[in-house]
Amino acid sequence: MQHIKHLILSALALNILSCGFLEDKTKGNEAMAATEQDTTAQNAPADGYIVTPHVAHPKFKALSAAFETQEHRFEIDRCEFKYNGKSFFIGDTEEKIIEIFGKPDETFMPTHKKVIYFDYKALHITIKIDYKTKKTLNYSHRFRDYKGKFKLPFDIVLFRKVPYQLDMTLNEFMELSDLQHGSTLKHDTAAFYIINEQICDSKLKTGTGIGSTPNYHSTGVGHVTIRGEFNPESTGPIKNFKIGLK
């Protein structure tokens with residue numbers, strides 16, 4: 001009988017201890033989950049991603065200084081664009097564009113007559129304007145084509161406050177910022193795009209294309225080749241920047 005009492009008391013003690021352990025473990029898990037949520041909330045920007053320049057990069061200071069000495073200085077940010085310190089925006093009127101760049105060298109209109117294009121040949125800029133509202137829809141700055149780099153009166157532009165020298169590959173440019181393949185930069189077969197970038201105006205959402213052709217691993221030779229996965233280690237120079245309404 002005494003032996004049975006000892007067994008019952010031991011069982012009760014183990015039960016009490018295990019309940020306490022489970023309660024403490026549950027509280028610990030809840031606290032850990034709350035901490036993880038707090039950390040996630042802190043790390044994830046509420047309004048979207050903003051490119052951060054790596055100003056400590058060895059090339060950054062020299063490129064930025066060289067940019068400031070240029071006769072033609074272009075700054076292409078998320079919401080505001082500048083030419084020699086003069087600001088313009090997607091949605092500005094054609095009068096504002098002419099005030100900054102002067103009259104275009106050429107204007108042309110598609111057959112549907114819904115938009116008109118202003119072309120500035122020496123700077124290799126094309127601006128698309130709504131034919132009815134006369135407001136800017138798209139800004140495109142071209143630096144090269146399949147033949148190579150254009151003859152331009154400048155060598156560096158600021159993109160998201162990061163200096164891009166026109167001979168750089170996309171990867172070389174990315175070293176000057178926190179842009180990373182897959183996490184902050186996506187691509188299709190023709191260009192790259194910033195992921196979840198913070199918008200300027202909920203009524204005027206814009207998107208940005210970085211015109212560098214993605215490279216892929218491939219197998220086979222000659223006409224019999226199979227395109228494999230994207231190769232993030234191999235990128236070409238940036239051919240253009242395009243910003244416009246989504």
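Below is a summary of the structure that appears in this document.

Calculation criteria
- Residues numbered from 1 in each chain as written.
- Predicted model: local features only at pLDDT ≥ 70, side-chain atom pairs only at ≥ 80, totals over all residues.
- Heavy atoms only, no water.
- Helix = DSSP H or I, 4+ residues; strand = E, 2+ residues; numbered from the N terminus.
- Buried < 20%, exposed > 50% of the residue type's maximum accessible area, 1.4 Å probe, protein only.
- Contact = heavy atoms within 4.5 Å.
- Areas by Shrake-Rupley, 256 points an atom, 1.4 Å probe, with all protein chains shown as cover.
- Pairing = 2+ DSSP bridges.
- Axes fitted to C-alpha atoms, helices over the stretch in contact; angles between N-to-C directions.
- Phe/Tyr/Trp six-rings, centres within 6.5 Å; stacked < 30°, edge-to-face > 60°.
- Lys NZ or Arg CZ within 6 Å of the ring centre and 35° of its normal.

## Observations regarding the overall build of the protein
Assigned secondary structure in the protein consists of 4 helices and 17 strands. Relative to its 246 residues, the protein shows a buried fraction of 34%. In the protein, once contacts between residues fewer than 6 apart in sequence are set aside, the share between residues at least 24 apart is 50%. With the model as given, the accessible surface of the protein reaches about 15400 Å², and the carbon-plus-sulfur share is 56%.

## Points about the pairing of strand β7 (residues 136-142)
Of all 7 residues in β7, 5 are buried; the element is thus mostly enclosed. Across 5 bridges, strand β6 (residues 125-130) lies against β7 in antiparallel orientation. Following the sheet pairing, I127 is matched in β7 by Y139.

## So, the sheet that holds strand β14 (residues 206-210)
Here 8 strands make up an open sheet; going across it, the order is β4-β5-β6-β7-β17-β14-β13-β12 and the pairing antiparallel. The open sheet is flanked by β4 (106-108) and β12 (185-187), the only strands paired with a single partner. With strand direction ignored, the average angle separating the axes of adjacent strands in the sheet is 20°. Of the pairings in the sheet, the one linking strand β5 (residues 115-120) to β6 comprises 6 bridges and is antiparallel in character. Each residue of the ladder has a partner; that of Y120, found in β6, is I125.

## Notes on the packing of aromatic side chains
Following the criterion strictly, the structure yields 18 aromatic pairs and no others. Cation over ring: R227 sits above Y216, and NZ or CZ is 4.5 Å from the ring centre.

## Describing the pairing of β5
By the criterion of burial, β5 is predominantly enclosed, with 5 of the 6 residues buried. Judged from the 3 bridges that link them, β4 and β5 form a sheet pairing that is antiparallel. Across the sheet, the residue bridging to F108 is Y117, located in β5. Following β4, the chain reverses through 6 residues before pairing antiparallel with β5; K113 in that reversal takes a positive phi of roughly 60°. In this structure, the hairpin formed by β5 and β6 is closed by a connection of 4 residues, where H124 is found at a positive phi of approximately 55°.

## Notes on the environment of G182
With respect to the element layout, G182 can be found in the loop between α4 (170-174) and β12. Residues G182 and P232, spaced 50 residues apart in sequence, show a C-alpha to C-alpha distance of 9.1 Å.

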